[in-house]
Amino acid sequence: MARDRPALSVIGGGLGAGKTTLIAGLLSRPDIAQTGVVVNEFGAFGVDDLLISAAAPKTSVALLQNGCVCCRPGNDLSEAVRKMIAAADAPLRRILVETSGVADLSAVIARIGADHALRALVRLDAAVAVVDATAPDDARPEHLASADRIVLTKTDLVSSAVADQLRRRLAGMNSTAPLFDAAALPPADDLFNAGLIDSRTGAIQPNRWLRAIGTIHVHDEDAIRSWVIEFAPLRWTALSEQIARMSRAAGTALLRLKGIVADRDDPRPLAIQMVRDQIYRPVRLAPEAGGGISRIVIIARAPAAPAIEAFAARLGAAQIHERD
């Protein structure tokens, strides 16, 4: 069953943002037992994996060197995860992937989506963006927009006024992602547990996963925004064709797509997900999920706006909200 597989979460952030310190701190807590960690180092020599192993000697740690996991050839990540699961003394409940400081969060998630061997081993959970309070402008807009969770680190090194101002700024950029302080983290199941399946109960949590309420508006030279599209039930074959058409038109400007859609030919709605150009296999939900309304959330850069608006028009959307 899907809920029996480890939940894989991706933790991204710039060089020196505090990803390793965050993971080491989490691993010292009892509520994150049965966790494995994969560290992706851009260079040929790993340091972060040694720090994590020193902080939590009983934790399974794997190192991927020489390149970002999002663009390196082969299936090193799935092989590392397979070996980690096979060697574990007890079933792993969670696997954390610490990206290199130069990797794009959505690119890593897309790579995971394209790796069918890996998807058979794990279920994708949370994308976590780590932001350094002492260097907030170093946070990549793509990280902030694509994140299911945002963690602010090093708040003890800035004034309380500066930290509060930064929290408000981050909430304004992506209010769909809960914001946590690394100095006072909640239980692991609150920090993570953003997937379609609730890690604690095994129940489907479509609304929490979809994050259809809130705004994403990250300013950079090519602003990232989000749209929520609502429409009447459609045949899945027709909808999938329209999604593919929109994706081709949006190109690399499309970052993420999630949806709970009502299928005209089946009382069970579908949970759909797409990260960049990688489409995940749809999941059938209980008939009562979604309330009979199709709702798709899209996160993309501004150049994708015409493709997204044309997509909504072809669906006969009752509502399309650009989340400015």
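In what follows, the structure referred to is the one given above.
Residues numbered from 1 in each chain as written. Predicted model: local features only at pLDDT ≥ 70, side-chain atom pairs only at ≥ 80, totals over all residues. Heavy atoms only, no water.

Peer 1: Please clarify how the pairing of strand β14 (residues 294-301) should be interpreted in this entry.
Peer 2: It is a general feature of regular strands that their side chains alternate between the two faces of the sheet. Of all eight residues in β14, seven are buried, a share of seventy percent or more. Looking at chain direction, strand β9 (residues 224-231) and β14 are connected through eight bridges and run antiparallel. The partner of F231 across the bridge, within β14, is S294. Summarising the sheet, strand β10 (residues 254-263) and β14 pair through six bridges and their orientation is antiparallel. The residue bridging K258 from the neighbouring strand is V297, located in β14. (Buried < 20%, exposed > 50% of the residue type's maximum accessible area, 1.4 Å probe, protein only. Helix = DSSP H or I, 4+ residues; strand = E, 2+ residues; numbered from the N terminus. Pairing = 2+ DSSP bridges.)

Peer 1: Would you take a moment to explain the sheet that holds strand β2 (residues 35-40) for this structure?
Peer 2: To summarise the sheet geometry, strands pair through backbone hydrogen bonds and adopt either a parallel or an antiparallel arrangement. The seven strands lie next to each other as β3-β2-β4-β1-β5-β6-β7, forming an open sheet whose pairing is parallel. The open sheet has two edge strands with one neighbour each: β3 (60-64) and β7 (179-181). Neighbour to neighbour, the strand axes of the sheet diverge by 25° on average, direction disregarded. Here strand β1 (residues 7-13) pairs with strand β5 (residues 123-132) via six bridges, running parallel. Its bridge partner being in β5, I11 is matched across the sheet by V128. Packed on one face of the sheet, helix α1 (residues 19-27) meets β1, β2, β4 (94-98), β5 and β6 (149-153) and runs near 145° to β1. (Axes fitted to C-alpha atoms, helices over the stretch in contact; angles between N-to-C directions. Contact = heavy atoms within 4.5 Å.)

Peer 1: Is there a simple way to think about helix α7 (residues 160-173) in this case?
Peer 2: Think of an α-helix as turning once every 3.6 residues; residues three or four places apart then point the same way. For α7, built from 14 residues, the straight-helix expectation of 20 Å at 1.5 Å per residue is met to within 8% by its first-to-last C-alpha distance of 20 Å. Tucked inside the fold, the buried residues of α7 contact β5, α6 (141-146), β6, β7 and β8 (217-218). (Expected span 1.5 Å × (residues − 1).)

Peer 1: Please clarify how empty space enclosed by the protein should be interpreted in this entry.
Peer 2: In this approach a probe as big as a water molecule rolls over the atoms, and the regions it shows empty are the leftover space. One pass over the full model with this rule turns up two cavities of 30 Å³ or more. Space inside the largest cavity adds up to approximately 80 Å³. In terms of lining, the largest cavity is formed by T176, L210, R211, I216, S226, R256, L257, K258, V297 and I299. Every element with two or more residues in the lining of the largest cavity is listed here: β10 and β14. (1 Å grid on protein atoms, 1.4 Å probe; cavity = no way out; pocket = protein on both sides within 12 Å on 5 of 7 lines; lining within 4 Å. Points joined across faces, edges and corners; volume = space filled by probe spheres on them.)

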